[in-house]
Amino acid sequence: MTFEIISLCSLLLLAYVFDISASITKIPSIVLLLLTGWLVKQVAEYFGLQIIDLRPLLPALGTIGLILIVLEGSLELELNHYKKAIIRKSAIVSLFPMLLLSFLMAWAFAVYSGVDYKIALVNAIPLAVISSAIAIPSAKGLSKHNREFVIYESSLSDIFGVLFFNFIALNAEITVYSFGNFGLQLVLMLLVTFVATLLLAFLLGRIKHHVKFVPIIILIILIYAISKVYHLPALMFILILGLFLNNFQEMKKLKWINKLHPEILKREVNKFRELTAEAAFLIRALFFLLFGYSIATEDLLNSETIFWAEAIVIAIFTIRALFLKISKLPLFPLLFIAPRGLITILLFFSILPEQTLGLVNQSLVIQVILLSALVLMTGMMWQKKESPAVNIPELNAKPEDSKI
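This is a predicted model, so every value here is computed, not measured.

Parameters and conventions
Residues numbered from 1 in each chain as written. Predicted model: local features only at pLDDT ≥ 70, side-chain atom pairs only at ≥ 80, totals over all residues. Heavy atoms only, no water. Helix = DSSP H or I, 4+ residues; strand = E, 2+ residues; numbered from the N terminus. Buried < 20%, exposed > 50% of the residue type's maximum accessible area, 1.4 Å probe, protein only. Lys, Arg positive; Asp, Glu negative; His and termini not counted. Salt bridge = Lys/Arg side-chain N within 4 Å of Asp/Glu carboxyl O. Polar contact = N/O pair within 3.5 Å; in protein donor to acceptor, adjacent residues only side chain to side chain. Contact = heavy atoms within 4.5 Å. 1 Å grid on protein atoms, 1.4 Å probe; cavity = no way out; pocket = protein on both sides within 12 Å on 5 of 7 lines; lining within 4 Å. Points joined across faces, edges and corners; volume = space filled by probe spheres on them. Nonpolar A, V, L, I, M, F, W, Y, C, P; charged D, E, K, R; others polar. Core = buried A, V, L, I, M, F, W, Y, C linked by side-chain atoms within 4.5 Å.

1. So, the side chain of aspartate 299
Turning to step 1, where the next piece is worked out: Tracing the backbone shows aspartate 299 in helix 12 (residues 297-300).
Turning to step 2, where the next piece is worked out: No salt bridge is formed by the buried aspartate 299; the nearest opposite charge belongs to lysine 41, separated by 7.3 Å.
Turning to step 3, where the next piece is worked out: At 3.4 Å, the side chain of aspartate 299 forms a polar contact with the side chain of glutamine 362.
Turning to step 4, where the next piece is worked out: Filtering out sequence-adjacent residues up to four positions away, aspartate 299 remains in contact with Gln362, Ser363, Ile366 and Gln367.

2. Observations regarding helix 14 (residues 342-350)
Turning to step 1, where the next piece is worked out: Where burial is concerned, most of helix 14 is hidden: seven out of the nine residues are buried.
Turning to step 2, where the next piece is worked out: Along its buried surface, helix 14 packs onto helix 3 (58-74), helix 5 (117-128), helix 6 (132-138), helix 7 (144-170), helix 11 (262-294) and helix 15 (362-382).

3. Notes on the environment of threonine 276
Turning to step 1, where the next piece is worked out: Here threonine 276 shows up in helix 11.
Turning to step 2, where the next piece is worked out: Judged by its relative accessible area of 0%, threonine 276 is buried.
Turning to step 3, where the next piece is worked out: Sequence-wise, threonine 276 and valine 40 are 236 residues apart; in three dimensions their C-alpha atoms are separated by 28 Å.
Turning to step 4, where the next piece is worked out: Aside from chain neighbours lying at most four places away, what touches threonine 276 is Leu68, Leu71, Glu72 and Leu75.

4. Looking at empty space enclosed by the protein
Turning to step 1, where the next piece is worked out: Throughout the structure, instances matching the rule amount to four cavities of 30 Å³ or more.
Turning to step 2, where the next piece is worked out: Of the volumes computed, that of the largest cavity is approximately 80 Å³.
Turning to step 3, where the next piece is worked out: Pro97, Leu101, Ala128, Ile130 and Arg340 are the residues nearest the centre of the largest cavity, which is lined by 13 residues in total.
Turning to step 4, where the next piece is worked out: Residue assignment for the lining of the largest cavity shows that the elements contributing at least two residues are helix 4 (84-113), helix 7 and helix 13 (303-326).
Turning to step 5, where the next piece is worked out: With five residues, helix 4 is the single largest residue contributor to the lining of the largest cavity.
Turning to step 6, where the next piece is worked out: When the residues that make up the lining of the largest cavity are grouped by side-chain class, the tally is eight nonpolar, two polar and three charged.

5. Some points on the pattern of salt bridges
Turning to step 1, where the next piece is worked out: All chains considered together, the criterion is met by five salt bridges.
Turning to step 2, where the next piece is worked out: Two residues, arginine 284 and aspartate 19, come together in a salt bridge whose shortest N-O distance is 3.6 Å. Of this pair, arginine 284 sits in helix 11 while aspartate 19 sits in helix 1 (residues 2-25); the two residues are 265 residues apart in sequence, bridging distant segments of the chain.
Turning to step 3, where the next piece is worked out: We classify arginine 284 as buried; its relative accessible area is 5%.
Turning to step 4, where the next piece is worked out: Note that glutamate 153 is salt-bridged to arginine 320, the shortest N-O span being 2.4 Å. With a gap of 167 residues between them, glutamate 153 in helix 7 and arginine 320 in helix 13 connect regions that are remote in the sequence. The residues glutamate 153 and arginine 320 share a single accessibility class, namely buried.
Turning to step 5, where the next piece is worked out: When salt bridges that share partners are traced, they join Lys212, Arg267, Glu268 and Lys271 into one network.

6. A short note on the nonpolar core
Nonpolar side chains tend to gather and get buried jointly when the protein is soluble and globular.
Turning to step 1, where the next piece is worked out: In terms of nonpolar packing, the biggest core is built from 126 residues, with Phe109, Ile220 and Phe272 touching the most fellow members.
Turning to step 2, where the next piece is worked out: Contacts of isoleucine 220, omitting those with residues within four sequence positions, involve Ile67, Leu71, Leu200, Phe237, Ile238, Leu241 and Phe272.

7. Things to note about the side chain of glutamine 185
Turning to step 1, where the next piece is worked out: As for its position among the elements, glutamine 185 is in helix 8 (residues 176-206).
Turning to step 2, where the next piece is worked out: The residues contacting glutamine 185, other than those within four sequence positions of it, are Tyr230, His231, Leu232 and Pro233.

Laid out in structure tokens, this is it:
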């Protein structure tokens, strides 16, 4: 057991080195974490070392990691009147490419495999969703406006992707009733989000005990998990919670905000943001190290899926370039920040056995994740250091200049 503790601590410290060096090397820490996990497995097998198998923890770690990463990102976002432009553009670039990619890949899977189009669509959606777990940390070196765009876009992509996946996977037939039920779920989730957000903000400002942030995070995870049991869009709650906590002072004109003790809450939110960032780093590092450890060499070199993986990655960045142009956003560096990762893995694990497709297997998923990460790494290496303000006039508008 002592050996395992030493190994784990050493790997996590190495992950920290990867994280702080990413802005210099331009290599996303995800690539190095996956590679490290894979190398540890090769070394363990070569020397016949027995390592505790923690791979069954991957789904749980992935879910907690997704919650913390989206929360960490949303806690950095400013939500002012003049932010409407960046929210609108990020929603367009996150939603429509995801839908177009899903339908195109589903058509290709259905034609090649001869399966029902709906089953093909369920298998295509995980590959069409941007991973906020990789995109948000990779955007740390970008200008403020590009970083905000990436956080909004990747978080919304996760939310839209989960909504779309659940809608297709959980409805045997797509009918008017299905859309009605879907709308009801959205309304119910908004109500849960409103009540839970106010409750958590109240607790954050009122709890006097020296241990307060861990129980708050546990409550957040609990609300998320219960919402998922009822197939509600729980990531919406995480995003809105973070936005509210970081922007509640924008609503100081509302009388009931004063009941949250704004001065105390602001101080506690700053501490909470720091703890969330620390926890997100820890869970993210553990997840990708374990996932790298679970990768089999034959999955990386599977010649039956590599053609499909390359075609999918080419389609991802071609469609992304098109929608960035349509939205009048700069291609560089935003074009490269469309990685697949944690959310892809979680949705892939969520596919029911009767809906699985032989073509969309672990090899294809791993290859798409790695290829998209390599594109991200290459693009960030070529990208020069950005100035504080990026040349997007509409997104750089000052509050007093905005007519939105």
